[in-house]
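Residues per chain are reported as follows:
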Amino acid sequence: MMLAILAAAALTAFNEGWEVRRGDAASWTRVAVPHDAAFDVGYARDEDPDQGFVPVPVATYRKTFAKPAGRGRFSVRFDGVYMDSSVTLNGRPVGGRRNGYLPFEVPLEGLGETNVLEVRCDARTPNARWYQGCGIQRDVWLVRRDGWTLEPEAVAVTTELLPDGSARVRVTADGARVIKPANGELIVREPKLWTPEAPNLRWLDVMAENARGERDTVRIRYGIRTVEFTKDRGLLLNGRPYRIKGLCRHETFGALGGAFNLAATKRELAMCKEMGVNAIRTAHNPFSPQFYDLCDEMGFLVKDEAFDEWRLPKTANGYSRFFDACWTNDLRTFVRRDRNHPCVILWSVGNEIRDHWKGNGGGELTRAMVDVVHALDRSRPVTAGLNHPDVSYTNGVLHALDVVGLNYNADWYAKLKGEKPVFGSETAPSLADRDVYLFEERDGRMTPIQATNHLECAYSPKAFTWAAPAEVALKAQRDSPWSAGEFAWCTYDYLGEPNHTGYRDKRDYWPARSSYWGLCDLAGLPKDRFHLYRSQWSDRPVAHLMPDWTNPGCEGKVFPVWCYTNGEEAELFLNGVSQGVRRFAGTDDLHLAWDVAYEPGTLEVRAKMRDGTVVTDRRVTAGPVVRYAVTPDFASDGLHFFRIDAVDDRGNRVLSCEDEVSVSVADGTLLALDNGSPRDHTPFGCARRHLFRGSLVAVVKASSQEVRPSISVGKRSVHGGVLLDRGDGQDARRPREARSRHISSPCSL
Ligand code: GAL
């Protein structure tokens, strides 16, 4: 996929034929970009916990290339190099960019027959609060220009709905006069509007003329839609109230690293669609250009975020070092890059910015930023994610924003009602592992506990001091119709920020090296909480039961059984015997619950939808593992994701199975295995790995676009156990310890 803009400047992919050198290493390794030089190099306890204990090197890339043929001026465009890059051409400095998430170009002047472009990336840690890696992480293009060119970023297309049902499209070009459409204006009769549900896109040929009378044309893709944030009715999309059901996301790719990956992005967005999500927040930086193209096409609203740090640092080597010198230019580049995407509905100038509540000058800076954005785009409001709205209310920050984004702080919806447009820019983090159910027995009752041994429980019983639990946050939105909606934290777990229960010193997060906050785990497999949101946000019928129903030794003990559903009521059966009907009427919970004395067999819920249809879900006590079932999970652009599950002779998943398996591939190459465990230190690129809670994901690159690769899975050894804290301090299942300072196990079969 190319950018959704076609310019007179010709772009050719420049991704192949690079070499990389980590630190001062003598040798160079041949790679294609996008690439992450820090990825899968290991974990070390003395590295930054927030970045997943990954040692991030300074990386240098080089590419030797022949002088391009043809007339015109050449340059190289980098969509994003993380971070603080400096580029030389044949040993001469030609440019770079401190900001690791924004594009820049370097001119190719004085080319010889053979040339060397060298790119140094300095992502010395700690530079972010999550793992971002290091390197040329986005596409690179060779750009050829002949004569004056109308740059796509110079063009701004905005749309307006007229009372007669038609739409007015206005086009401007920075520093040039628009010739086509005439007078920079176009009326579209009976327009098909862009919405997340019907993402209708259009193309427009724009011609403009510069001061010297030179003309050029560029094709811009856009959508007709209007956005208005109101104080009393939330968001109006195309004039109609529209609720944001959004998720925050980091643009990193788990087992595939920090470099942009198109197929993995599509998989994550498809998961969001299935959940009923209609909006994504780019936490906390500009994403790759292709992400916005996908959101335009698939139908997601985007809250486009610029910064996680301003002048006051959050990390020792983060963006704050460059903030004063760079923010104006960075913000301009950001808005100009993204302003023609219909998906973008909000500009966020920052997340939990320290300057918003500490020190002086936050209000003034916020106003200055809002002005910079407005000068380039008046069609969308400016917001920020405020985590101290009380301070920001009095120091000028909150009032400088068009729309107030609340990170947590749910009591502020009522306080701001009728005063400012408001929404939840970040809500409901949870600590949970996929399919992990932790109980403590109290008088025969199995009571969920939050954590043990770096594992967090799917029931998430823990209350945070700063954030409401997911159900409370969802109800806060339900009960605040003037709020535009929310962005919950977050889509997938990610490397870094491995905060979990009971650990005060970040170093003690070890061996956990990835976060527990996602609705899906690091491998993209859904956690139970995924189904809570699906039951609240999706239009399709949902019934999801928890916990697992294989609990040997627990006969007669009473388990809490929950069902997430969008039905009105549900009946639960254990081995065909009704455990009663539960209804939402009369409860304020967003799940239905039963207390059920454990006996092996089949637990089945039958949820009745409003239209009378019945949806069922089952948990069946599993027997011994007889095979590893392989299910295609997602495929796109030659990348295939397979799910591997340990199953018994009837096909029931066996969650306690943590066998180490080896995976071999036909018609493709195995890129990565991941089981979603936050503390597994096996390299992702290794062809063997333990299952975690009975499952694993394999990522395979097809040997060609025409073939469909297949995988086979073989057993290496057996581990196992039941995930129960028996209350005697002796967990049945001990975590596998990391075995050494760097990558624990050599990866050879
Ligand atoms: C928020 C922050 C996010 C992430 C999250 C974890 O306060 O904005 O970046 O750290 O907490 O719960």
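Residues numbered from 1 in each chain as written. Predicted model: local features only at pLDDT ≥ 70, side-chain atom pairs only at ≥ 80, totals over all residues. Heavy atoms only, no water.

Chemist: Teacher, can you tell me more about the state of the cysteines here?
Modeler: What makes a disulfide is a covalent bond joining the sulfur atoms belonging to two cysteines. Scanning all chains against the criterion turns up zero disulfides. Left without a disulfide partner, Cys-121 is nearest to the cysteine sulfur of Cys-134, which lies 4.9 Å away. According to the relative accessible area criterion, Cys-121 is buried, its value standing at 0%. Relative accessible area serves as the criterion here: at 0%, Cys-134 is assigned to the buried category. (Disulfide = S-S within 2.5 Å. Buried < 20%, exposed > 50% of the residue type's maximum accessible area, 1.4 Å probe, protein only.)

Chemist: Hey, could you run me through the nonpolar core in this one?
Modeler: In globular proteins that are soluble, nonpolar side chains generally tend to be buried together. With 184 residues, the main nonpolar core has Trp-18, Tyr-61, Phe-78, Leu-117, Leu-331 and Tyr-533 as its most contacted residues. Once residues lying within four places of it in the same chain are set aside, the contact partners of Trp-18 are Thr-29, Arg-30, Val-31, Val-33, Tyr-61, Arg-62, Lys-63, Phe-78, Leu-117, Val-119, Ile-136 and Val-140. (Core = buried A, V, L, I, M, F, W, Y, C linked by side-chain atoms within 4.5 Å. Contact = heavy atoms within 4.5 Å.)

Chemist: Explain the site of the ligand here, please?
Modeler: With respect to spatial proximity, the complete set of residues near the ligand consists of Arg-129, His-284, Asn-351, Glu-352, Asn-407, Tyr-408, Glu-426, Pro-429, Trp-489, Glu-497 and Trp-517. Side-chain polar atom of Asn-351 to an oxygen atom of the ligand: 3.0 Å apart, as the coordinates give it. One of the side-chain nitrogen or oxygen atoms of Glu-497 is found 2.4 Å away from an oxygen atom of the ligand. Compared with its free state, where it exposes 310 Å², the ligand has 93% of that area covered by protein. Here the residues of the shell around the ligand sort into four nonpolar, three polar and four charged. (Near = heavy atom within 4 Å. Polar contact = N/O pair within 3.5 Å; in protein donor to acceptor, adjacent residues only side chain to side chain. Areas by Shrake-Rupley, 256 points an atom, 1.4 Å probe, with all protein chains shown as cover. Nonpolar A, V, L, I, M, F, W, Y, C, P; charged D, E, K, R; others polar.)

Chemist: Help me understand the packing of helix H1 (residues 262-275) against helix H9 (residues 528-537), please; the structure alone is not making it clear to me.
Modeler: Between two packed helices, the angle of one axis relative to the other and the distance separating the axes together describe the packing. Their axes nearest at 8 Å, the elements H1 and H9 cross at an angle of 55 degrees. Here H1 lies oblique to H9, going by the angle between them. For the pair formed by H1 and H9, the contact residues are Met-271, Glu-274 and Met-275 on the first element and Phe-530, Tyr-533, Arg-534 and Trp-537 on the second. Within the contact of H1 with H9, the residues separate by chemical class into five nonpolar, no polar and two charged. (Axes fitted to C-alpha atoms, helices over the stretch in contact; angles between N-to-C directions. Helix = DSSP H or I, 4+ residues; strand = E, 2+ residues; numbered from the N terminus. Parallel < 35°, antiparallel > 145°, perpendicular 65-115°, else oblique.)

Chemist: Help me out: how do you make sense of the side chain of Ser-695 in this one?
Modeler: Position of Ser-695 relative to the elements: it lies in strand E45 (residues 695-702). Ser-695 sits in the buried class, given a relative accessible area of 0%. Polar contacts involving the side chain of Ser-695 include one to the side chain of Arg-643, which spans 3.4 Å.

Spatial relationships are all this shows, so hold off on functional conclusions.
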